[in-house]
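Overview (structure and organization)
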Amino acid sequence: MIRLLLLLLLAVLSPAGFAIEKIDPDPKGVQLCENFLKACLIEDPKARLEAVIPLLHKSMLSKDGKDLDRNVKEFSYSKACGGAKFYALPVEIYEVHKGNVTTVGFKETAERGRTDKYFVSKKAGQPGRPAPLHVFWPEAGGEPKLMNIGSL
């Protein structure tokens, strides 16, 4: 009996039990990633922010939706804008990891859907690995939005 329980536990906890499902990139997800990289390269800060806001999930925005959440703006947005120049345009998707359906956001920004990781490739000659942009697909339908942008 103990041996059976150990075998079952090993099967559940084995690396195969946690295997990442790789899927083909959805054209809408690819376009979203490309639009984001292009927006991050806009030199005028106001125009750049105006181009980025519609691409992000509402949970990353201020309550009125006209600006970024302070933490997003200071950290992941700032990092993404600084790093975007190292990534290929037109965007090249290295691979996509399918996510699980979950709820993102909180209270008025809560939304159920799936978040996939779109790994964008660097420009030729740039060191480093592809970086994930997290693309959220609303369960209720609608356009995908970015959820996590700070890995660029």
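Residue positions are counted from 1 within each chain, in the order its sequence is given. Reporting in this predicted model follows two pLDDT cut-offs: at least 70 for local features of residues, and 80 or more for side-chain atom pairs to be given and counted; totals over whole chains, interfaces and linings ignore these cut-offs and use all residues. With hydrogens and water set aside, each side-chain value is computed from the structure's full complement of heavy atoms.

Focus: the pattern of salt bridges
Salt bridge, as used here: a side-chain nitrogen of Lys or Arg that lies within 4 Å of a carboxyl oxygen of Asp or Glu. This structure, assessed with the given rule, holds seven salt bridges. In this structure, Arg 70 engages Glu 74 in a salt bridge whose closest nitrogen and oxygen atoms are separated by 3.5 Å. Residue Arg 70 and its partner Glu 74 are both found in helix α4 (residues 70-83); the two are separated by four residues, about one turn of the helix. Relative accessibility decides the category of a residue: with a 1.4 Å probe and only protein chains considered, values under 20% of the type maximum give buried, values over 50% give exposed, and everything between is partly exposed. When its relative accessible area of 55% is taken as the criterion, Arg 70 is described as exposed. Of the charged contacts in the structure, one is a salt bridge between Glu 139 and Arg 112, with a shortest N-O distance of 3.4 Å. You can see Glu 139 sitting in the loop between β5 (131-138) and β6 (145-148) and its partner Arg 112 sitting in strand β4 (residues 111-120), a full 27 residues away along the chain. A relative accessible area of 42% means that Arg 112 is categorised as partly exposed. Counting from the N terminus, the helices are the DSSP runs of H or I reaching at least four residues and the strands are the DSSP runs of E reaching at least two.

As for the nonpolar core
Residue types Ala, Val, Leu, Ile, Met, Phe, Trp, Tyr and Cys, when buried and joined through side-chain atoms within 4.5 Å, form a set referred to as a nonpolar core. In this structure, Phe 36, Leu 56, Ile 149 and Leu 152 are the most contacted members of the largest nonpolar core, which totals 31 residues. The set of elements that each furnish at least two residues to this core consists of α2 (27-40), α3 (45-52), α4, β4 and β5. Considering every element that reaches this core, the biggest residue donor is α2, with six residues. For Leu 152, the contacting residues outside a window of four places in its chain are Phe 36, Leu 37, Lys 79, Ala 80, Gly 83, Ala 84, Tyr 87, Val 120, Ala 131 and Leu 133. Pairs of residues are marked as contacts when any of their non-hydrogen atoms sit within 4.5 Å.

Structural notes on the pairing of strand β2 (residues 93-97)
In this structure, strand β1 (residues 22-23) lies alongside β2, joined through two bridges in antiparallel fashion. Bridge pairing in β2 links Ile 23 to Val 96. The pairing criterion is simple: DSSP has to find at least two bridges between the two strands. Inspection of the sheet shows β2 paired to β4 by four bridges, in the antiparallel sense. Residue pairing for β4: Ile 93 is matched across the bridge by Val 120.

Details of the packing of α2 against α3
Simply put, an axis is a line fit to the C-alpha atoms, just over the touching stretch for a helix, and the angle between two N-to-C directions goes from 0 to 180 degrees. Direction vectors running N to C along α2 and α3 enclose 165°, while the axes themselves pass 8 Å from each other. In this view, α2 runs roughly antiparallel relative to α3, as classed from their interaxial angle. Where α2 crosses over α3, the two elements pack in a sense that is left-handed. Between α2, through Phe 36, Ala 39 and Cys 40, and α3, the contact on the second element is made entirely by Arg 48, Ala 51 and Val 52. Classification used: nonpolar for Ala, Val, Leu, Ile, Met, Phe, Trp, Tyr, Cys and Pro, charged for Asp, Glu, Lys and Arg, polar for all others including Gly. Within the contact of α2 with α3, the residues separate by chemical class into five nonpolar, no polar and one charged. Small angles under 35 degrees read as roughly parallel and large ones over 145 as roughly antiparallel, with 65 to 115 read as roughly perpendicular and the rest as oblique. We call a crossing left-handed when the near helix sits turned anticlockwise from the far one by less than a right angle, and right-handed when that turn is clockwise.

Some thoughts on the pairing of β6
A regular strand places its side chains so that they alternate between the two faces of the sheet. Judged from the three bridges that link them, β5 and β6 form a sheet pairing that is antiparallel. For Val 135, the partnering residue across the bridge sits in β6 and is Leu 146. Where β5 folds back onto β6 in an antiparallel hairpin, the turn is made up of six residues, including Gly 141, whose phi is positive at roughly 100°.

Considering unusual backbone geometry
Residue Pro 90 is bonded to the preceding Leu 89 through a cis peptide linkage, with omega at 0°. Positive phi, normally seen in glycine, also occurs at Lys 107, with a value near 50°. Examined against the element boundaries, Lys 107 turns out to sit in the loop between β3 (101-104) and β4.

Quick word on the state of the cysteines
Disulfides are defined as pairs of cysteine sulfur atoms found within 2.5 Å of each other. Under the definition given, this model contains zero disulfides. Cys 40 provides the cysteine sulfur closest to Cys 81, a residue in no disulfide bond, and the two sulfurs are 4.0 Å apart. By relative accessible area, Cys 81 is classed as buried at 17%.

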